[in-house]
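Structure assessment
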Amino acid sequence: MALQVLSFVFKLGKMLALTPSSLTMKPESVISKLYNVLIFSLLTGGVFVEISQKNFYSELIFVKKVVCIFGDLIIYILNFYSIIVLGLAKKSWKDLMENLESTEYLVRLQNKKRNRIWYCLGIGLANLYYFASISYMVYVRYKSMGWRYLNHVQGYLDLYQKLIQWVIIKMVLARYKGLKSLLSAYKQKNQNRQFSNDLKRFEYIMSQLKTTVDVFNELFGWPLLLMIASTIIQVLNTIDFIIFYHNERLEPFDSFLVNTFLVTTALSGTIVLILACDSVVKEAGAVVTLGYDLRCCLKTAQFLDDLKLKKFTNFLEKNLPKFTAANFFNVGRWTILDLFETLITFLIIMIQFGNSARKQQ
């Protein structure tokens, strides 16, 4: 994915106070910084009004109240980090942009013009689906519950934060694919020939991409952790609501669509993001495998050349990227299973505590 797509995402991201104003990382003015503070202040006011309208969940049993408050707190902290910390962290953004720009030539090796169109179309459709679903949910809930559930700004900020991370991860993935193409062409060119001393270039590129992933972890490690936690809480809360808090004022069909939307939006964005991280790790692993293939196919290599190839493959292996959630755990395909395992465990506990509390009442 090219930088044009990220520039497109930044335009709306700046309006939401989630990203810098442009890819050039120009120094932000005082007005721009105050804008971030203003957006977060308005968000804080909206959160307080919504929770007060819900009477601070006083009608819920204790365990349900804890889950709701904890869920609101997680997403509030996530938006604080996204707007205030990330919104003003210019140095880390600058490092990320410099690494992406310096490796942009790897993307040009591939025919990505059509892909950029599909990426932009996908981004547009994702936003259209969210706003259409939100509009329907607001309409349905307003008819039965008034203004108690109309603060969906936090949910959209969460969604757009996932979108920003997904776009950047896909850009990193495109660069690893470009490196693999270069190394594959090099392998074909040097097959069964005397070893040539051009591997330092590939080592440098691999190091650049590893550094890019490290900067990504520095920027988005905490948001990634909070988004995974928020997903567990949102799905847990919705399933518990379906089991114990069926709203008779909603039509069954409306209730089904609303709850389906809540579960799918919470899960789908997080799962897609995790799979994107896993695809980068897999692509980097394919580069390492190609390095070993290169070593095997150069049968005429001298002893010193073979030693250099061995060091080259070791270097590639040591510079494999790892996506981390604030350094608490690595993120990969296995994280999805861990997510569902945690979700099921807490759901069982929540149902048990809920049944006990309702029997006492």
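The following paragraphs examine the structure supplied in this document. Sequence order as written defines the numbering, with residues in each chain counted from 1. In keeping with the predicted nature of the model, local features appear solely for residues at pLDDT of at least 70, side-chain atom pairs appear and are counted solely at 80 or more, and the whole-chain, interface and lining totals rest on all residues. In computing side-chain properties, one takes all heavy atoms of the structure into account and sets aside hydrogens as well as water.

1. Describing the overall build of the chain
- What counts as a helix is a DSSP run of H or I of at least four residues, what counts as a strand is a run of E of at least two, and both are numbered from the N terminus. Tallying secondary structure elements over the chain gives 11 helices and 0 strands in all.
- The order of α-helices and β-strands along the chain, N terminus first, is α-α-α-α-α-α-α-α-α-α-α.
- Burial statistics for the chain: of 361 residues in total, 49% are counted as buried.
- Whether two residues are in contact is decided by their heavy atoms, any of which lying within 4.5 Å being enough. Counted over contacts in the chain with a minimum sequence separation of 6, partners at least 24 positions apart contribute 84%.
- A total accessible area of about 18400 Å² is found for the chain, and carbon and sulfur atoms account for 64% of it. The buried label goes to any residue with under 20% of its type's maximum accessible area, the exposed label to any with over 50%, and the partly exposed label to all in between, with areas taken from a 1.4 Å probe on protein chains only. Surface accessibility follows the Shrake-Rupley procedure with a 1.4 Å probe radius. Residue values consider only the protein chains on display as shielding.

2. Side note on the environment of Glu-317
- Within the fold, Glu-317 resides in helix α10 (residues 303–318).
- Classification of Glu-317 by relative accessible area gives partly exposed; the value is 41%.
- A polar contact is formed between the side chain of Glu-317 and the side chain of Tyr-292, at a distance of 2.9 Å. Polar contact criterion, stated in full: a pair of N or O atoms within 3.5 Å, where within protein one must be able to donate a hydrogen and the other to accept it, and residues adjacent in sequence count only if both atoms are side-chain atoms.

3. A short note on the environment of Asn-36
- Take Asn-36: it is sitting in helix α2 (residues 30–53).
- For Asn-36, a relative accessible area of 1% gives the class buried.
- Along the backbone, Asn-36 and Lys-14 are 22 residues apart, and their C-alpha atoms lie at a distance of 9.0 Å.
- Excluding its chain neighbours within four sequence positions, the residues that come into contact with Asn-36 are Lys-14, Ala-17, Ile-83, Ile-84, Gly-87 and Leu-88.

4. What to know about the packing of aromatic side chains
- Classification of ring pairs rests on two measures: the distance between centres of Phe, Tyr or Trp rings, Trp counted by its six-membered ring, which must be within 6.5 Å, and the angle between planes, read as stacked under 30 degrees, edge-to-face over 60 and tilted in between. The tally for this structure, following the rule as stated, stands at 9 aromatic pairs.
- Plain terms: the ring middles of Phe-40 and Tyr-76 are 5.3 Å apart, the flat faces sit at 35° to each other, and that makes the pair tilted. Of this pair, Phe-40 sits in helix α2 while Tyr-76 sits in helix α3 (residues 62–88), and the two are 36 residues apart along the sequence.
- Tyr-76 sits in the partly exposed class, given a relative accessible area of 22%.
- Taken together, the ring pairs in this structure connect Phe-10, Trp-93, Phe-216, Phe-220 and Phe-323 into an aromatic cluster.

5. Describing the pattern of salt bridges
- Any carboxyl oxygen of Asp or Glu within 4 Å of a side-chain nitrogen of Lys or Arg constitutes a salt bridge here. Counted by the stated rule, this structure contains 7 salt bridges.
- One salt bridge connects Lys-162 with Asp-158, and the closest N-O pair in it is separated by 3.8 Å. Pair noted here: Lys-162 and Asp-158 are both in helix α7 (residues 153–190), with a separation of 4 residues, about one helical turn.
- Look at the salt bridges and you will find they share partners, linking Asp-278, Lys-282 and Arg-333 into a network.

6. A word on the layout of surface pockets
- There is about 380 Å³ of room inside the second largest pocket.
- A cavity here means a set of 1 Å grid points, computed over protein atoms only, where a 1.4 Å probe fits but cannot escape. A pocket is an open set with protein on both sides within 12 Å along at least 5 of 7 lines, and lining residues have an atom within 4 Å of a point. Forming the boundary of the second largest pocket are 16 residues, of which Ala-126, Leu-159, Leu-163, Gly-269 and Val-272 lie nearest the centre.
- Mapped by element, the contributors of at least two residues to the lining of the second largest pocket are α6 (113–145), α7 and α9 (252–297).
- In terms of residue count, α6 provides more of the lining of the second largest pocket than any other element does, 6 residues in total. Grid points are joined across faces, edges and corners, and a volume is the space filled by probe spheres set on the points.

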